[in-house]
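# Observations on chain architecture
Residue strings, one per chain:
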Amino acid sequence: MLLTISTTHQPATDLGYLLHKHPDRCQSFALTFGQAHVFYPEVSADRATAALLLDVDPVAMVRGKNRDQGFALAQYVNDRPYVASSFLSVAIAEVFSSAMAGRCKDRPELVDTPIPLSARIDVLPVRAVEGFAQRVFEPLGYTVETVRHPLDEQFADWGESPYHSLTIRGTKTLSELLTQLYVLIPVFDNQKHYFIGQDEIEKLLSKGAGWLAAHPEKDFITRRYLGHRTSLFRQALSRLVDEDGDDSLDDTDVAVAVEETLETTISLNQRRHGTVLAALRASGAKSVLDLGCGEGKLLRELLADRRFERIVGVDVSIRSLEKAQQRLKLERLPESQVDRLKLLHGSLMYRDERFAGFDAAAVVEVIEHLDPPRLAAFERVVFEFARPQTVVLTTPNQEYNSLWETLPAGAFRHSDHRFEWSRAEFEAWGNRVATQHQYTVRFAPVGPEHESLGAPTQMATFERSPANATA
Ligand code: SAH
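Residues numbered from 1 in each chain as written. Predicted model: local features only at pLDDT ≥ 70, side-chain atom pairs only at ≥ 80, totals over all residues. Heavy atoms only, no water.

## Notes on the overall build of the chain
- What the chain contains, in helices and strands, is 18 helices and 14 strands.
- Counting only residues that meet the buried cut, the chain has 50% of its 471 residues in that class.
- Contacts in the chain between residues far apart in sequence, at least 24 positions, make up 71% of those at least 6 positions apart.
- If you sum the accessible surface of the chain, you get close to 22200 Å²; carbon and sulfur atoms cover 51% of it. (Helix = DSSP H or I, 4+ residues; strand = E, 2+ residues; numbered from the N terminus. Buried < 20%, exposed > 50% of the residue type's maximum accessible area, 1.4 Å probe, protein only. Contact = heavy atoms within 4.5 Å. Areas by Shrake-Rupley, 256 points an atom, 1.4 Å probe, with all protein chains shown as cover.)

## Notes on the sheet that holds strand β8 (residues 287–291)
- In spatial order, the strands read β10-β9-β8-β11-β12-β14-β13; together these seven strands make up an open sheet with mixed pairing. Every interior strand has two partners, whereas the edge strands, β10 (341–345) and β13 (439–446), have only one. Recorded for the sheet is a direction-independent mean angle of 15° between the axes of neighbouring strands.
- Bridge count between β13 and strand β14 (residues 457–464): eight bridges; the pairing is antiparallel. Looking at β14, one finds that T440 is bridged to E463.
- Packed onto the sheet, helix α16 (residues 375–386) meets β8, β11 (360–364), β12 (390–396), β13 and β14 and runs at close to 150° relative to β12. (Pairing = 2+ DSSP bridges. Axes fitted to C-alpha atoms, helices over the stretch in contact; angles between N-to-C directions.)

## Some thoughts on the pattern of salt bridges
- Following the criterion strictly, the structure yields 18 salt bridges and no others.
- Note that E295 and K323 form a salt bridge whose closest N and O atoms lie 3.8 Å from each other. Pair noted here: E295 is in the loop between β8 and α13 (297–303) and K323 is in helix α14 (residues 318–327), with a separation of 28 residues, a long-range link.
- Relative accessible area serves as the criterion here: at 24%, E295 is assigned to the partly exposed category.
- Note that R423 is salt-bridged to E399, the shortest N-O span being 2.8 Å. (Salt bridge = Lys/Arg side-chain N within 4 Å of Asp/Glu carboxyl O.)

## Digging into helix α7 (residues 174–189)
- Taking 1.5 Å of rise per residue, 16 residues should cover 22 Å, and α7 covers 23 Å from first to last C-alpha, within 8% of that figure.
- The largest bend along α7 measures about 30° and falls at Y182, with the proline P186 one to four residues further on.
- The element α7 is extensively covered by neighbouring structure, given that 15 of its 16 residues are classed as buried. (Expected span 1.5 Å × (residues − 1). Bend = angle between axes of the 7 residues up to and from the residue.)

## Some remarks on the nonpolar core
- Core analysis: the largest hydrophobic core is formed by 64 residues, its most contacted members being L52, L54, I92, F137, L174 and L181.
- The leading source of residues in this core is α7, at ten residues.
- Shared between two domains, this core holds at least three residues of each, these being domain 1 (2–194) and domain 2 (197–248).
- Discounting chain neighbours no more than four positions away, the residues touching L54 are M1, L31, F33, Q35, A36, F87, L88 and A91.
- By size, the runner-up hydrophobic cluster in this structure holds 32 residues, among which are L370, F378, V441 and A460. (Core = buried A, V, L, I, M, F, W, Y, C linked by side-chain atoms within 4.5 Å. Domains from an automatic or database assignment.)

## Quick word on the environment of D79
- Relative to the elements of secondary structure, D79 occurs in the loop between α2 (58–63) and α3 (86–95).
- On the basis of relative accessible area, D79 is assigned to the buried category, the value being 15%.
- Each C-alpha atom, one on D79 and one on P125, is 9.2 Å from the other, the two residues being 46 residues apart in sequence.
- Residues in contact with D79, not counting those within four places in the same chain, are R127 and Y163.

## A closer look at the pairing of strand β7 (residues 160–172)
- Relative to β7, strand β5 (residues 115–125) runs antiparallel, the two being bridged by ten bridges. Bridging from a neighbouring strand, A119 pairs with I168 of β7.
- As paired strands, strand β6 (residues 143–150) and β7 are joined by seven bridges and run antiparallel to one another. Paired with P150 across the two strands is E160, which belongs to β7.

## Here's the deal with unusual backbone geometry
- Of the consecutive residues Q10 and P11, the connecting peptide bond is found in the cis state with omega at -10°.
- Structurally, the position occupied by P11 is in the loop between β1 (2–7) and α1 (14–19).
- Note the cis peptide between D122 and V123, where omega equals -15°.
- Residue position: V123 is located in strand β5.
- Despite not being glycine, H20 shows a phi value in the positive range, around 60°.
- With respect to the element layout, H20 can be found in the loop between α1 and β2 (27–31).

Put into structure tokens, the structure is as follows:
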């Protein structure tokens, strides 16, 4: 696949300085998935063009972990080596990293100067409605030209392919052009060759700074950039909304509100925190970790009880932590209280030394937000590495859902729940985890109990077995 960048800025040879690639040389770079070559097919004082040719190694793709799971031969017969995809974005970021970051020590003034630029991509798979390229690039101030290629020139009746040649033109800084291509190329292709995790949000927000929040196709771009991972999409969107200065409710707020209305008829939320608090008090814990603390409702109750001397809330969502900070009025706490409560940004998927050394951990309505294949990582993080004396954990009882008239059959209580367990499933899981990590476990219902369906919430209290029992 080929990306060419041209300029008619005078002298056009400045492009070489901006790209940090000498116009007289052909250079090659080894990437994990193939080879990138940079050369200049035309260089004069009036016009210069630099080309990035990417040679994706299909054999390495088959052997590596980037396997496409389509049909049986998809590993061998696919368009990856020929189209502009997330591979091209990675190549841009690696080969043109200084240019993308806006660094140029020989011509520093050029970095911030918009110059006439055009970029052409052969070929870009556009897996979206006709005219999508215009909707994406025109609001950013580019003119757009696309040529759609037929599936096979010899068989016109096979129709059109998703493959286009795309040219965009605009007066931009080179850094802006490269950054926007970096974010937007995978959006057209709609597949990514690497795992899309939390750090992709950070990448999207930093690379999208200054242009994405106001883009009319912001939702679409964000959703596709994050590979349709709904929870990441919501988080990213809520933060983009913030950048926009728009304080309207985001999807997460709405989903949480739905869950809360569903549950407030019996003020389940308060009962749950009350029961968890009682279990923590009974354990005799002085230091407590609230894992997945959300907006800090349990933290507030812990703070009100002086027997808890050290309280730490952890969440993966920065927005939730910010709300917790406001709710708890942390900046207004008296000096003597400041050290009692801390908020940490962290994930329960990764071993973290900051979680060690606590008497107890609360994990309230969190595990059902984790992808089932990743529960094993959570178990190790909490029960093997953090290893508090007591773990108090709650999750919905799926059997109870049928009692909620407003909840459609088979639906989860919250759109971000990945699973909801019956009592038998939860107890099987809890018993297995306890045995594996030398804990004992007790189960208790939380909320009003139905005679055959149980209570809306189920709670497990794990106690670490004495060290000599594990030896
Ligand atoms: N415990 C709180 C919030 C429950 S909602 C309460 O009872 O009110 C679930 C919370 O888990 C959310 O705030 C979400 O951001 C957090 N969460 C989800 N996955 C997480 C992970 N991998 N690491 C840390 N927190 C996570």
